[in-house]
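A look at the structure
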Amino acid sequence: MRAAALLACLTLSMCSAAAAATPDEVWQDYQKRPDYVSTQPRQPAPAPTPHITVEDNTGHISEPTTPQQAKEKAVATAPAERARSRTGKAKKHLAEQNADAAAVAENQTPKQPAPAVGTAPQAAAPKPKPLPSLVKKPPLPKQFLRTPQPGDFVTANSAAGSYSLLLPQAFGSDPLEQLPSAQGAMLVRAASNTLMCAATVLDPTDTVSYDAQQPLPAYANKKLYCRWQHGTALVWDCALSRHEDFYGDKLLLEASAKQNGKTYQLLYVMPAEQTRVYLPQALYSLDSFAVNENK
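Residues numbered from 1 in each chain as written. Predicted model: local features only at pLDDT ≥ 70, side-chain atom pairs only at ≥ 80, totals over all residues. Heavy atoms only, no water.

Notes on the overall build of the chain
Rules: Working definition: helices are DSSP H or I runs of at least four residues, strands are E runs of at least two. Numbering for both runs from the N terminus. Only protein chains enter the accessibility calculation, which uses a 1.4 Å probe. A residue is then buried if its area is under 20% of the maximum for its type, exposed if over 50%, and partly exposed in between. Any two residues having at least one pair of non-hydrogen atoms within 4.5 Å are treated as being in contact. The accessible surface values rely on the Shrake-Rupley method and a 1.4 Å probe; as for residues, cover is taken only from the protein chains in view.
When its secondary structure is counted, the chain shows four helices and eleven strands. Residues classed as buried in the chain amount to 23% of the 295 residues present. The long-range share in the chain, meaning contacts at least 24 apart out of those at least 6 apart in sequence, stands at 47%. A total accessible area of about 22100 Å² is found for the chain, and carbon and sulfur atoms account for 58% of it.

Dropping the structure here:
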C-alpha cells in the first residue's frame, strides 16, 4: 500500500513538472528559491480552445453538446474566416498600391526652380526732398528783447494798396522815392542788405500798379525757427527763420494774410546779432498794419 502511494506521488510530481507553468507560478518559484536557475526550457501554455456556439433554424444560439455539432460549426465558420482574411489582404494590397502611386507622382512632379539672385547692383530709391529744418525755440527769450519806443516808428500809407502801418525808422528810407510811379501798392524801406522791410498787397482787381501780382522775394535755404498765427482784423500766418549768405547772417520775419480776395504780405530783414533790438520793432510794425476800407 505504501509503495502504491509513493508511486502515485512520484507520477503526480512528474506530471506537474511536465505541465507548463504560468508567469505567476514562475515568479512564485523564484521567490521561494532565488538561487535556483533552471536550464530546462519550459513548455508553453496550451492555447485556449476557441469558443464555439451553435445556432438553430429559429436563431437560438447554444453551446455544442456533441463533437459532431462542434465539427459542423467549425466547417461552417471556415469560409467566413477565409473571406475576412482575403478582405484584409486586399485592403493591405490596395494601400501599398496607393503609396507606390503617390511616391511615383511626387517623383514626377517638376520642382520649382530656385529664385534667381542677381549680382548686378540695384539702383537706390530716390530720397525724398528734405523738409525745412525747424528750430522750436525762439532765438532769444522775451526778457532779453528791447521794448519798442514811440520814436522808433514813422507812419506810412499806401494809396494804391489801401493800407497803412508803422515802419521802423532804423530800417532806412524809401529807395523808390525819387522814381515816379514806381511804388504802387508796395512800400519799401532799406538801410542795407541786412536791414530792410517791405509791405505789399496782391490785388487781382488792381490794374494801375505795375506788376500788382508780384509777391515779395523768398529766401532759399533758410533755417526755420517757428510758425504761428495771430491777429484779429487780419489773421497773419507768421514765420521766423534765419538766413546766411554773402551779405551776412540775417533774421527773417515773414507774414501773410488774406481778406476780401486780397493777399497782404510783409517782410522784415534784420542782422542776427541785433535781434534783441530789431525783432521787437518788426513785431510791433506787423501789429500796426491796418486796412483802409474807405480808400
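That covers the picture; the talk isn't over yet.
Comments concerning the nonpolar core
Spelled out, the test is: Among buried residues, the Ala, Val, Leu, Ile, Met, Phe, Trp, Tyr and Cys ones that are joined through side-chain atoms within 4.5 Å form a nonpolar core.
The biggest cluster of nonpolar side chains holds 30 residues, and the ones touching the most others in it are Leu 165, Trp 236, Leu 266, Tyr 268, Met 270 and Phe 289. Every element with two or more residues in this core is listed here: strand S4 (163–168), strand S6 (195–202), strand S7 (223–230), strand S8 (236–245), strand S9 (248–259), strand S10 (262–271) and helix H4 (275–287). In this structure, Trp 236 is in contact with Trp 228, Gln 229, His 230, Ala 255, Ser 256, Ala 257, Tyr 264, Leu 266, Leu 286 and Phe 289, ignoring residues within four places of it in sequence. Of all hydrophobic cores here, the second largest spans seven residues; its members include Ala 198, Leu 216, Tyr 219 and Leu 267.

Here's the deal with the pairing of S8
Put simply, the test is: Here, strands pair whenever DSSP counts at least two bridges between them.
Note that S7 and S8 share seven bridges and pair antiparallel. Each bridged residue has a counterpart across the sheet, and for Arg 227 the counterpart in S8 is Ala 239. In this antiparallel pair of consecutive strands, S7 and S8, the connection spans five residues, and Gly 231 shows a positive phi of 125°. Of the pairings in the sheet, the one linking S8 to S9 comprises nine bridges and is antiparallel in character. Its bridge partner being in S9, Cys 238 is matched across the sheet by Ala 255. The antiparallel hairpin formed by S8 and S9 contains two residues in its connecting segment.

Considerations on the packing of aromatic side chains
Filter applied, for reference: Only Phe, Tyr and Trp rings are paired, with Trp represented by its six-membered ring, and only when their centres lie within 6.5 Å; those with planes under 30 degrees apart are stacked, over 60 edge-to-face, the remainder tilted.
Tallied over the entire structure, the rule returns seven aromatic pairs. Geometrically, the ring pair formed by Tyr 264 and Phe 289 is edge-to-face, given 5.5 Å between the ring centres and 65° between the ring planes. Highlighted residues: Tyr 264 in strand S10 and Phe 289 in the loop between H4 and strand S11 (290–291), separated in sequence by 25 residues. The buried category is assigned to Tyr 264, whose relative accessible area is 2%.

Regarding the pattern of salt bridges
How we decide: Any carboxyl oxygen of Asp or Glu within 4 Å of a side-chain nitrogen of Lys or Arg constitutes a salt bridge here.
According to the stated counting rule, one finds six salt bridges in the structure shown. Linking Lys 250 and Asp 245 is a salt bridge whose minimum nitrogen-to-oxygen distance equals 2.6 Å. Taking relative accessible area as the criterion, Asp 245 reaches 33% and is therefore assigned partly exposed.

Brief notes about the sheet that holds S4
As summarised here, the arrangement of the three strands in space is S3-S4-S11, forming an open sheet in which the pairing is antiparallel. Each of the sheet's edge strands pairs with one partner strand only, and the pair in question is strand S3 (153–158) and S11. Looking at chain direction, S3 and S4 are connected through six bridges and run antiparallel. Bridge pairing in S4 places Ser 158 opposite Tyr 163.

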